[in-house]
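Observations on the model geometry
Chain by chain, the residues run as shown.
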Amino acid sequence: MKKVTGLVSISMMLVLSLFLAACGNGGSDSEGSGDSNKVTAWAWNINVPVLEKAAEKFKEENPDFELEVVEMGTDDVYSKLTTGLQAGGKGLPDIVLVEDDRVQGYMSAFPDAFVNVSDKGFDEMKDSFPSYKTELVSKDGAMYGFPFDGGPTGVFYRTDIFEEAGVNAEDIKTWDDYIEAGKTINEKTDKAMIGLDLNGDDGLYRMMLNQQGTFYFDDEKNVALTSEESKKAMKVQQKLNEEGLVKETVGWDAWISAMTSGDVATAPSGAWLYGSITQQGKDTSGKWGLIELPAFEEGGNRASNLGGSNYMIPSASDNADLAYDFMEFFSTNKDVQLSAMEGGLFPSLNTIYDNEAFTKEVEFFNNQPIWSLLADEMDSIPAVNYTGDYAVAKDEAVKAQSEIANGKGIEEALKASEDRLKNRIQ
Amino acid sequence: MAKNLEVIEQSTNKLTLAERQQKKPKKKKNKLKAVWMYTLLSIFLVVSIFPFYWMFIGATNDSSKMFTNPPTLLPGDQFMTNLTNLNESIGIFRVLFNSLFVSGLYVVIALAVCASAAYVLAKYNFKGKKFIFTAFLLSMMIPYQATLIPLFQMMSDFNLLNTYFAVIAPQLCFPFAIFLLRQNFLAFPTELMESARLDGASETRIFISIVIPSMRPALAAASIFLFMTQWNNFMWPLVVLNTNDMYTFPVALSSLMGLSYIDYGQVMMGVTLATVPIIAFFLTLQKQFISGMLGSALK
């Protein structure tokens, strides 16, 4: 038996020595701690060049400044952020990018985990951003994040298909008009009006809720799936489906490719769709147009939002002041924000909307000035309450949507989802 | 074991030969059966090969070609473009090194740890052995999500975040590998060990010079398993690694998945590069792997 323990200890020593060798090899300068001029940021792909450009400019006045951007996938940011926050703020960066629909969740689950930027003076810049963005990152009147890009919505449509069917997109004012146009297009060209992932995502439903100034939850955080607005939105989807105007597209890629290959005529979506269709449908240039979302009744609100993100500073950062200075510069510098446009991001800084980049005609869209159309929407976008239970609520909303598509009554399906949701979040 | 199999194979071959000679009239029917078999097999072949082919198509084409209708089915000329783009985005050589280093080192150390543990659990009798073995098996039932945050906290307290050590260490003692190896060690004749003992060999010597060499198939099977586990490991490296230059393949590839725009040319190129080493590793150890699996199954 003694010999066995000897064997074990030999192998343990082997293990240890190998590890020491491994550690010597590995980069062990992890969190950049102690380095007071260095700021680390977590962000996903198209945001990285913007951050780097901003750092370059910021360096002009702060020559010692250093920015390390760690590039990761969108979901990966949340996995790492959540783990770090749950471990009490360990291993977190100085700056992190968080999407609109996640911000409130993080603020309510980890109340003291992010730096109050109002305290540091960001309130002065508040007017430079649309109110729906500043409200989103606020809690009890103080802001905990820097509004960055937004997702003003519109209906992206294929001009070639509309022409073939003889439909004028500008005439579409209400969702009823939209459905009528869809019928004509379907008759004349045999194409679907819209691609929807009825069992997987509820983007259209969310846009329509936001457009009517509500969401899964009302302003008092009460579940609002059975609200009038919600029923109206589901009604539009139901009609689209019943008239056979929906092409079922499972997942993001199928949806994009249905648009770029011309299988569907329209895609109601956020401004960021521009980036996807220009990259993946290069040969469709000039065949696109954009109108605002149709209203629910003539003259009703046509502005809505889908997507967008904000930067936050975790309280655990030992370099929060420098991170704040950099982010204030990043958020309000016109050149930096204009460079975000190049990557297909839509900045929410409203002081740049009169720039040529917004007023110009876009070749890909048949020389339509789509950016000014979207920029004009920003002030009319209603602020909504995503709350911390966003993900669960979305899950239930998708269930209801899927049941309705399969023939269940709107009222019944929404009620069932609302009850389940209440059970799940209590 | 391998010999046994050969014998079985030979005897079946003989049988079919004899059958063929005796039952010539049935030949046609057999042929038909074979045609049927081969058609079915080729369908399966296409189904299992196609994803790899599609991956290759994606790696050699522009991202937009992945979305055309009808689909692009021929390799394109964007191989180098995708490769350079990918290298610019994630630095493939660094990532390749990280992944190979982490997985390679992991296999070596984990194999040493698991084989020792399995050997003791299979061949020595001591108090509490059953309990320890059961505890090992039970630990397989703990979902990794439950250990993620405590482990992360631990690594952070030890100041080990963003090191190779942190990636490798937590899974070194791998219950399934211990289980697999133990089942194989059980079959090793104890008489051999006893006679070695009579000849004066130390316990260490018996393990290293007598038991280990005859357990090669089982060790190969375990090492393929361990290699795949570490090569594909995603969540843990993602959480503990904090700089792009430490990323392993799964983490680096995942960083290509942005919100509204994904360059599939790059992704497919990355997936191709990530697949090649594991195929190579498998092919080198394939023979041992299969006989190792059969070996444990026949017991």
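Residues numbered from 1 in each chain as written. Chains lettered and ligands numbered in written order. Predicted model: local features only at pLDDT ≥ 70, side-chain atom pairs only at ≥ 80, totals over all residues. Heavy atoms only, no water.

A count of helices and strands for chain B gives 14 helices and zero strands. Per-residue burial for chain B yields a buried fraction of 42% across its 299 residues. Taken as a whole, chain B presents about 16700 Å² of accessible surface, with 68% of it coming from carbon and sulfur. (Helix = DSSP H or I, 4+ residues; strand = E, 2+ residues; numbered from the N terminus. Buried < 20%, exposed > 50% of the residue type's maximum accessible area, 1.4 Å probe, protein only. Areas by Shrake-Rupley, 256 points an atom, 1.4 Å probe, with all protein chains shown as cover.)

This part is about unusual backbone geometry. Residue and element names in this part refer to chain A. For Asp140, which is not glycine, the phi dihedral falls at a positive 50 degrees. Position of Asp140 relative to the elements: it lies in the loop between strand E4 (138-139) and strand E5 (142-143). The exposure class assigned to Asp140 is exposed, which follows from its relative accessible area of 77%. Residues other than glycine seldom take positive phi values, yet Asn367 does so here, at roughly 60 degrees. On the basis of relative accessible area, Asn367 is assigned to the partly exposed category, the value being 42%.

The partner chain B presents 53 residues to the 47 residues of chain A that form the contact. Carbon and sulfur atoms supply 63% of the area that chain A and chain B bury against each other, a total of about 4500 Å² over both sides. On inspection of chain A and its partner chain B, the count reaches two salt bridges. The salt bridge involving B:Asp157 is made with A:Lys90; its shortest N-O contact spans 3.3 Å. The interface formed by chain A and chain B contains twelve residue pairs in polar contact (both at pLDDT 80 or more). For the side of chain A that touches chain B, the secondary-structure elements that each account for two or more residues are helix H1 (2-25), strand E2 (66-71), helix H3 (74-86), helix H10 (251-260) and helix H11 (273-280) of chain A. Here the residues of the side of chain A that touches chain B are counted per class, giving 17 nonpolar, 19 polar and eleven charged. (Contact = heavy atoms within 4.5 Å. Buried area = accessible area lost by both parts, 1.4 Å probe. Salt bridge = Lys/Arg side-chain N within 4 Å of Asp/Glu carboxyl O. Polar contact = N/O pair within 3.5 Å; in protein donor to acceptor, adjacent residues only side chain to side chain. Nonpolar A, V, L, I, M, F, W, Y, C, P; charged D, E, K, R; others polar.)

Here we take up a negative patch on the surface. Taken together, the side chains of A:Glu52, A:Glu56, A:Glu60 and A:Glu61 define an acidic patch exposed on the protein surface. Following the sequence through the fold, A:Glu61 ends up in helix H2 (residues 48-61). (Patch = residues over 30% accessible without salt bridge, like charges linked within 9 Å, V, L, I, M, F, W, Y side chains within 5 Å. Lys, Arg positive; Asp, Glu negative; His and termini not counted. Charge placed at Lys NZ, Arg CZ, Asp CG, Glu CD.)

Evaluated as defined, the whole model comprises 50 aromatic pairs over all chains. Ring geometry for A:Phe122 and A:Phe146: centres 4.9 Å apart, planes at 80 degrees, overall edge-to-face. Of the two residues, A:Phe122 sits in the loop between helix H4 (100-109) and helix H5 (131-136) while A:Phe146 sits in strand E6 (residues 146-158), which places them 24 residues apart along the sequence. Residue classification places A:Phe146 among the buried residues on the basis of a relative accessible area of 0%. Judged by centre distance (4.7 Å) and plane angle (50 degrees), the ring pair of B:Phe176 and B:Phe225 falls under tilted. Within this pair, whereas B:Phe176 is found in helix H8 (residues 175-186), its partner B:Phe225 is found in helix H11 (residues 216-232), the two being separated by 49 residues in sequence. (Phe/Tyr/Trp six-rings, centres within 6.5 Å; stacked < 30°, edge-to-face > 60°.)

Right, let's talk about the pairing of strand E7 (residues 192-196) of chain A for a bit. Residues and elements named next belong to chain A. Extensive coverage of E7 is indicated by the burial of five of its five residues. Both E7 and strand E9 (residues 264-270) contribute to a ladder of two bridges, which runs parallel. Bridge pairing in E9 links Ala192 to Val264. As defined by bridge partners, E7 adjoins strand E8 (residues 246-248) across three bridges and the pair is classed as parallel. Counterpart to Leu196 in the pairing with E8 is Glu248. (Pairing = 2+ DSSP bridges.)

Take the pairing of E9(A) next. Residue and element names in this part refer to chain A. For E9, a buried count of seven out of seven residues is recorded, marking the element as mostly surrounded by other parts of the structure. For E6 and E9, the ladder comprises five bridges, and the chain directions are antiparallel. Paired with Gly154 across the two strands is Ser269, which belongs to E9.

Take H4(A) next. Most of H4(A) sits out of view: seven of its ten residues are buried. Inspection of H4(A) places A:Asp100, A:Asp101, A:Val103, A:Gln104, A:Gly105, A:Tyr106 and A:Met107 among the buried residues, and these make up the whole buried set.

What follows is about the confidence of the model for chain A. When pLDDT is averaged along chain A, the result is 89; 92% of the residues meet or exceed 70. Predicted confidence for residues 17-33 of chain A stays below pLDDT 50, and this span has 25 contacts to residues more than four positions away or in other chains. (pLDDT = per-residue confidence, 0-100.)

Before going further, it helps to examine the state of the cysteines. Simply put, the disulfide is a covalent bond whose two ends are the sulfur atoms of two cysteines. Residues and elements named next belong to chain B. Considering all chains together, one arrives at zero disulfides over all chains under this definition. The thiol sulfur of Cys114 is not disulfide-bonded, and the nearest other cysteine sulfur, from Cys173, lies at 5.8 Å. You can call Cys114 buried: its relative accessible area is 0%. Judged by its relative accessible area of 35%, Cys173 is partly exposed. (Disulfide = S-S within 2.5 Å.)

Our next topic: the nonpolar core. If you look at the biggest cluster of nonpolar residues, it comprises 220 residues, and the most contacted ones within it are A:Tyr216, A:Tyr311, A:Phe326, A:Phe365, A:Trp371 and B:Phe185. Tallying contributions element by element places helix H4 (residues 92-123) of chain B first for this core, with 16 residues. If we ignore the near neighbours within four places in the chain, the residues touching A:Trp371 are A:Ala271, A:Tyr274, A:Met341, A:Phe346, A:Ala357, A:Phe358 and A:Val362. (Core = buried A, V, L, I, M, F, W, Y, C linked by side-chain atoms within 4.5 Å.)

Residue and element names in this part refer to chain B. Between its first and last C-alpha atoms helix H3 (residues 79-90) spans 16 Å; for twelve residues at 1.5 Å apiece the expected length is 16 Å, and the two agree. Of all the residues in H3, the buried ones are Asn82, Leu86 and Ile90. For H3, the angular spread of the buried residues around the axis is 40 degrees, confining them to a single face. In H3, the exposed positions that point more than 90 degrees away from the buried face belong to Met80 and Glu88. Gly91 sits one or two residues past H3 and shows a positive phi near 65 degrees. (Expected span 1.5 Å × (residues − 1). Arc of directions from axis to C-beta.)

Another point: the side chain of A:Thr260. As for its placement among the helices and strands, A:Thr260 is situated in helix H10. A:Thr260 has contacts with A:Arg158, A:Ile277, A:Gln280, A:Gly281, A:Thr284 and A:Trp288, leaving out every residue within four places of it along the chain.

What follows covers the environment of A:Val39. Within the secondary structure layout, A:Val39 lies in strand E1 (residues 38-43). Aside from chain neighbours lying at most four places away, what touches A:Val39 is A:Phe65, A:Glu66, A:Leu67, A:Glu68, A:Asp94, A:Ile95, A:Asn319, A:Leu322 and A:Ala323.

Residues and elements named next belong to chain A. Between helix H12 (residues 320-332) and helix H13 (residues 334-342), whose axes approach to 5 Å, the crossing angle comes to 65 degrees. Every residue of H13 that contacts H12 at Phe329, Phe330, Ser331 and Thr332 is listed here: Lys334, Val336 and Gln337. Residues belonging to the contact of H12 with H13 are distributed by class as follows: three nonpolar, three polar and one charged. (Axes fitted to C-alpha atoms, helices over the stretch in contact; angles between N-to-C directions.)

Let's shift gears to the pattern of salt bridges. Residues and elements named next belong to chain A. Applying the stated rule across the entire model yields 24 salt bridges over all chains. The shortest N-O distance in the salt bridge between Lys239 and Asp176 comes to 3.4 Å. Taken together, the residues span a long stretch of sequence, with Lys239 in helix H9 (residues 228-242) and Asp176 in helix H7 (residues 175-189) at a distance of 63 residues. Overlapping salt bridges, with partners in common, bring together Asp395, Glu396, Lys399, Arg420 and Arg424 in one network.

As a further point, take the packing of helix H10 (residues 203-214) of chain B against H11(B). Residue and element names in this part refer to chain B. As a packed pair, H10 and H11 sit with axes 5 Å apart at the nearest point and diverge in direction by 75 degrees. When the axes of H10 and H11 are compared, the pair comes out roughly perpendicular. Between H10 and H11, the contacting residues are Ile212, Pro213 and Ser214 on the first element and Arg216, Pro217 and Leu219 on the second. The residue makeup of the contact of H10 with H11, split by class, is four nonpolar, one polar and one charged. (Parallel < 35°, antiparallel > 145°, perpendicular 65-115°, else oblique.)

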